[in-house]
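Chains, contacts and geometry: an overview
Letter by letter, the chains look like this.
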Amino acid sequence: MNHFDLRSGELWCEDVRLTALAAAVGTPFYVYSSATLERHYRVFREALDAFPRLGSPRIAYAVKANSNLSVLATLGRLGAGADTVSEGEIRRALAAGIPAERVVYSGVGKTAAELAFALDAGVDQINIESEPELTLIADLARRRGRRAAVVIRVNPDVGAGGHAKISTGTRESKFGVSLAEAERLYGLAAASPDLKALGVACHIGSQITDLAPLARAFALMRQFVERLRAGGRTVDRLDLGGGLGVPYFNQPDPPTPLDFAAMVDEVVGDLDVDLAFEPGRVIAANAGILVSRVIHVHERPEGRRFLVLDAAMNDLIRPAMYDAYHDIRAVSPRTGALTPYDVVGPVCETGDTFTRDRLLPPLASGDLVAFMSAGAYGAVMSSEYNTRPLIPEVLVRGEDWAVVRPRPSYEAMLAREPPAPWLSGSVTTAT
Ligand SMILES: *Cc1c(COP(=O)(O)O)cnc(C)c1O
């Protein structure tokens, strides 16, 4: 459920009319609903809390899904932690008021400088993804005279996820280590005076719409914890990652957080371990939309009808990168028959096609359209390709709204690139 509804023939975000917002902010822009973000977090929290054996797990929101500071602050106030993958994301989480004790740091390529920052900031958990990383973290911790709290990220070799590019749990992917390797690394971490081996983690993919692969991976993690314990190791924490999918309208309805929690309870409910989760998309995706204006409707004589928008692949890259589907709605739908449109942006690449042959109501130049389910992996992946100003983000709460990332001016964009000293000054023509 979300708070983007039609009221008297127009699309609203909570109590804000999108036509009014577009007039005030200019298009294209992203808009997020606070009530929807909060609701999704609470639904996830309450689903886990419905199973007492799970013992109220930690929820570290995956910052990379939508890292806007106001989004992080909204979730942080509800008690969410942050799953981060870079120093920049750790800094964002801290700046948004999420305490370091609720921050998890994951990722295959953490640099020494980033790890040093994480240790100094006092993040709660660092996920180790390889032996060289383990050695580096131990080294950095030793030099600081402290122990780094770590978990070993296991790659359970279970494929899942909505697209090959977002499946992370198979042997061929770059993430984590095999179960056998994880056992060896766990031994090294447990024996190290510079490391505190908290437990183990996995994250097998994103946009997972079937519980079976998750259940299979979690069962393997369970066996692994039992095996480590049988070998005399202490395992306090089991981090089961994120990955739960959301409805994008063209797919079967994904399992609900309650279905997910019931499965978790069945597979690991009696394990006596502190559980942690890292949901991203399921919190943010349906809490945000991208609003864009129609520049032209261009009908080719031979039949194709192009809807040319002022949003492009640099604003929302998911269709070009993952063949992602987004429901597209008219903000003020006109009556009339649905007709097929190829929906495209102005960028000079054929890849700048959001969708082809999409059935939409009649649309004309100047109309507004909304890409639904764009709150996760949307604005965070935007760029200024084609020197298009970075797309702004707006947060709505009831009838209030705020621009939480403004659109830069062209002057500000150009000023970011100081000319090389030998190129500044007046231009002369070679003779
Ligand atoms: C991306 C990621 C997540 C979040 O995935 P979603 O599909 O958005 O829930 C969680 N954990 C890790 C380690 C990730 O890389």
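Report follows, based on the coordinates. (Residues numbered from 1 in each chain as written. Predicted model: local features only at pLDDT ≥ 70, side-chain atom pairs only at ≥ 80, totals over all residues. Heavy atoms only, no water.)

1. Quick notes on the sheet that holds strand S6 (residues 81-84)
Spatially, S5-S6-S7-S8-S9-S10-S11-S12 is the arrangement adopted by the eight strands of the closed barrel, whose pairing is parallel. If you compare each strand with its neighbour and ignore which way they point, the axes differ by 30° on average. Relative to strand S10 (residues 195-201), strand S9 (residues 148-153) runs parallel, the two sharing six bridges. Each residue of the ladder has a partner; that of Arg-153, found in S10, is Ala-201. (Pairing = 2+ DSSP bridges. Helix = DSSP H or I, 4+ residues; strand = E, 2+ residues; numbered from the N terminus. Axes fitted to C-alpha atoms, helices over the stretch in contact; angles between N-to-C directions.)

2. Some details on empty space enclosed by the protein
One pass over the structure, following the stated rule, counts three cavities of 30 Å³ or more. Size it by volume and the largest cavity reaches roughly 50 Å³. A class-by-class count of the residues in the lining of the largest cavity yields six nonpolar, four polar and no charged. (1 Å grid on protein atoms, 1.4 Å probe; cavity = no way out; pocket = protein on both sides within 12 Å on 5 of 7 lines; lining within 4 Å. Points joined across faces, edges and corners; volume = space filled by probe spheres on them. Nonpolar A, V, L, I, M, F, W, Y, C, P; charged D, E, K, R; others polar.)

3. Section: the sheet that holds strand S2 (residues 10-13)
The pairing of strands in a sheet happens through backbone hydrogen bonds and is either parallel or antiparallel. Spatially, three strands are ordered S1-S2-S3 in an open sheet, and the strand pairing comes out antiparallel. A strand with exactly one partner marks an edge of an open sheet, and here the two such strands are strand S1 (4-7) and strand S3 (16-17). With four bridges connecting them, S1 and S2 associate as antiparallel partners. If you follow Leu-6 over to S2, its bridge partner there is Leu-11.

4. A closer look at the site of the ligand
Inspection of the region around the ligand gives 14 residues, with Lys-64, Ser-206, Glu-278, Arg-281 and Tyr-377 positioned closest. Ser-206 is positioned such that a nitrogen or oxygen atom in its side chain is 2.3 Å from an oxygen atom of the ligand. At 3.0 Å, a backbone N or O of Gly-280 approaches an oxygen atom of the ligand. In the complex, 95% of the free accessible area of the ligand, which totals 390 Å², lies under the protein chains. Among the cavities detected, the one that contains the ligand is the largest pocket. Of the residues belonging to the shell around the ligand, the class tally is three nonpolar, six polar and five charged. (Near = heavy atom within 4 Å. Polar contact = N/O pair within 3.5 Å; in protein donor to acceptor, adjacent residues only side chain to side chain. Areas by Shrake-Rupley, 256 points an atom, 1.4 Å probe, with all protein chains shown as cover. Sits in = over half its atoms within 2 Å of the grid points.)

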